[in-house]
Amino acid sequence: MFEKSDSSTTELILTAQNIAFVSRLLPMSLMLYSGQITHVIGPNGSGKSTVLSILSGLFDYEGRIKLLSDDLADYDLPSLAHVRSYLSQQDKPSFSIPVFQYLSLAVSALHDVDMAQLQLTLDEICQRLDIQDKLSRNIQQLSGGEWQRVRLAAACLQVWPSINPQAKLLLLDEPAAALDIGQEAAMYQLVRSIAMQGIAVVMVNHDLNRTLREADNVVLLDHGRCIACGGVEQVMTVDRLQAVFKTGIHRIDHQGFPCLVFVD
Ligand SMILES: Nc1ncnc2c1ncn2[C@@H]1O[C@H](COP(=O)(O)OP(=O)(O)OP(=O)(O)O)[C@@H](O)[C@H]1O
């Protein structure tokens with residue numbers, strides 16, 4: 001379980017108790033608070049995407065999840081779309097539409113959207129992710145990294161508080177996949193910015209150095225089992241990471257920041 005932060009405005013968003021999925025995830029529990037960024041880390045096949053898909057409310061699971069004051073299983077799809085957005089790991093869809101139309105789908109379930117505010121938010125997100133010049137391009141004509149940024153823009157738009165005041169939770173499965181290092185940095189800044197507006201963020205991540213720097217809380221999985229969860233320093237000890245990832249790791253300080261060096 002995670003510790004609540006000191007902020008008096010921190011709100012409990014989600015409580016998961018003994019969530020599990022047959023042969024993929026053993027029972028584990030976690031709590032998510034507004035404004036906090038939780039990274040889910042672990043080797044390939046350890047259950048990271050399974051956790052995110054369970055939290056999305058789109059898949060069956062064992063255990064109990066309370067989202068705000070209601071059971072996650074009691075939400076219908078339109079209500080879920082107001083409260084959380086979910087960037088899954090996926091390839092391009094088979095349909096063919098321009099980027100601006102794809103982005104408009106992200107807010108299609110929202111009611112009474114202020115169009116002027118929507119335009120401002122769209123401009124800001126597109127500028128941050130450098131996709132302003134892609135809006136009229138067909139989604140089938142984007143590179144892998146461009147498509148990932150468009151999908152990320154859609155996920156953030158759906159839960160951007162100024163256009164969706166009910167938004168609480170952003171779930172991102174490997175948002176850095178296919179991004180170059182500059183775009184990756186922009187993605188982390190965007191994620192921090194949305195968290196600072198009160199959204200609880202959960203993201204699957206493979207870059208342990210980014211997790212060390214960017215996460216407030218960490219869930220470490222191995223073979224479907226939650227090995228540890230809590231604050232970054234508490235979870236990401238060198239001994240534990242070496243045992244789970246089965247590779248040599250040194251921790252050094254670089255200009256005052258901790259840094260993991262992989263030595264095998
Ligand atoms: N659709 C599926 N049907 C059956 N087993 C699955 C399915 N999807 C994943 N699994 C299995 O469930 C386990 C957890 O998979 P999951 O995708 O959650 O892992 P992950 O940690 O996200 O992996 P990666 O880092 O490779 O993306 C793995 O053993 C995987 O083989």
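Model, not experiment: these values are computed from the prediction.

(A) Expanded view of the overall build of the protein chain. On a plain count of helices and strands, the protein chain comes out with 9 helices and 12 strands. Taking 2.2 N^0.38 as the reference for a compact globule, 264 residues should give roughly 18 Å; the C-alpha atoms of the protein chain span a radius of gyration of 18 Å, in line with that estimate. Its C-alpha atoms give the protein chain principal-axis dimensions of about 50 × 40 × 40 Å. Put simply, 68% of the contacts in the protein chain that link residues at least 6 apart link residues at least 24 apart.

(B) Examining the UniProt feature "binding site: ATP" (unreviewed entry) in the protein chain more closely. Within the UniProt annotation, "binding site: ATP" (unreviewed entry) is assigned to Gly-42, Pro-43, Asn-44, Gly-45, Ser-46, Gly-47, Lys-48 and Ser-49. You can see Gly-45 is positioned in the loop between β3 (37-41) and α1 (48-56). We classify Gly-45 as partly exposed; it has 13 C-beta atoms within 10 Å. Following the sequence through the fold, Ser-49 ends up in helix α1. Excluding residues within four positions of it along the chain, Ser-49 makes contact with Gln-89, Asp-173 and Val-204.

(C) A look at the pairing of strand β12 (residues 257-262). Bridge analysis of strand β11 (residues 249-254) against β12 gives 6 bridges, and the strand direction is antiparallel. Across the sheet, Arg-251 pairs through a bridge with Leu-260, a residue of β12. Counted along the chain from β11 to the antiparallel partner β12, the turn is 2 residues long, and its residue Gln-255 has a positive phi close to 50°.

(D) Representation of the sheet that holds strand β8 (residues 200-204) in the model. Sheet architecture is open: 6 strands sit in the order β6-β7-β8-β3-β9-β10, paired in mixed fashion. One side of each edge strand has no neighbouring strand; the edge strands of this open sheet are β6 (84-87) and β10 (225-231). For this sheet, the mean inter-axis angle between neighbouring strands, taken without regard to orientation, is 10°. Bridge count for β3 against strand β9 (residues 217-222) is 4 bridges, and the pairing is parallel. Bridge pairing in β9 places His-39 opposite Val-218.

(E) Structural context of the environment of Gln-117. Here Gln-117 shows up in helix α4 (residues 115-128). C-beta crowding within 10 Å serves as the criterion here: with 12 such atoms nearby, Gln-117 is assigned to the exposed category. Residues Gln-117 and Glu-174, spaced 57 residues apart in sequence, show a C-alpha to C-alpha distance of 28 Å. Leave out the neighbours within four places in its chain, and Gln-117 touches Ser-162 and Ile-163.

(F) Local environment of the nonpolar core. Grouped together as the largest cluster of nonpolar side chains are 71 residues, with contacts concentrated most on Ala-153, Cys-156, Leu-170 and Val-201. Top contributing element to this core by residue count: helix α5 (residues 144-158), with 7 residues. Apart from residues no more than four positions distant in its own chain, Leu-170 is found in contact with Ser-85, Ala-155, Cys-156, Val-159, Ile-194, Ile-199 and Val-201.

(G) Quick peek at the sheet that holds strand β1 (residues 12-21). Pairing within the open sheet is antiparallel, and its 4 strands lie in the order β2-β1-β4-β5. Two strands in the sheet have a free side with no partner beyond their single neighbour: β2 (25-33) and β5 (70-71). Sheet analysis places β1 next to β2, joined by 6 bridges and oriented antiparallel. Among the inter-strand pairings, Leu-12 is bridged to a residue of β2, identified as Tyr-33.

(H) Structural context of the pairing of β9. Among the 6 residues of β9, 5 are classified as buried, and the element is accordingly described as predominantly covered. Of the strand pairs in this sheet, β9 and β10 are connected by 6 bridges, and their pairing is antiparallel. Directly across from Asp-222, in β10, lies its bridge partner Arg-225. Linking β9 back to β10 in an antiparallel pair, the connection comprises 2 residues, with His-223 at a positive phi of about 50°.

Analysis parameters
Residues numbered from 1 in each chain as written. Predicted model: local features only at pLDDT ≥ 70, side-chain atom pairs only at ≥ 80, totals over all residues. Helix = DSSP H or I, 4+ residues; strand = E, 2+ residues; numbered from the N terminus. Rg over C-alpha atoms; globule rule 2.2 N^0.38 Å. Contact = placed C-beta atoms within 7 Å. UniProt positions renumbered as here; feature names shortened; annotations may be inferred. Buried ≥ 20, exposed ≤ 12 C-beta atoms within 10 Å, placed from the backbone. Pairing = 2+ DSSP bridges. Axes fitted to C-alpha atoms, helices over the stretch in contact; angles between N-to-C directions. Core = buried A, V, L, I, M, F, W, Y, C linked by C-beta atoms within 7 Å.

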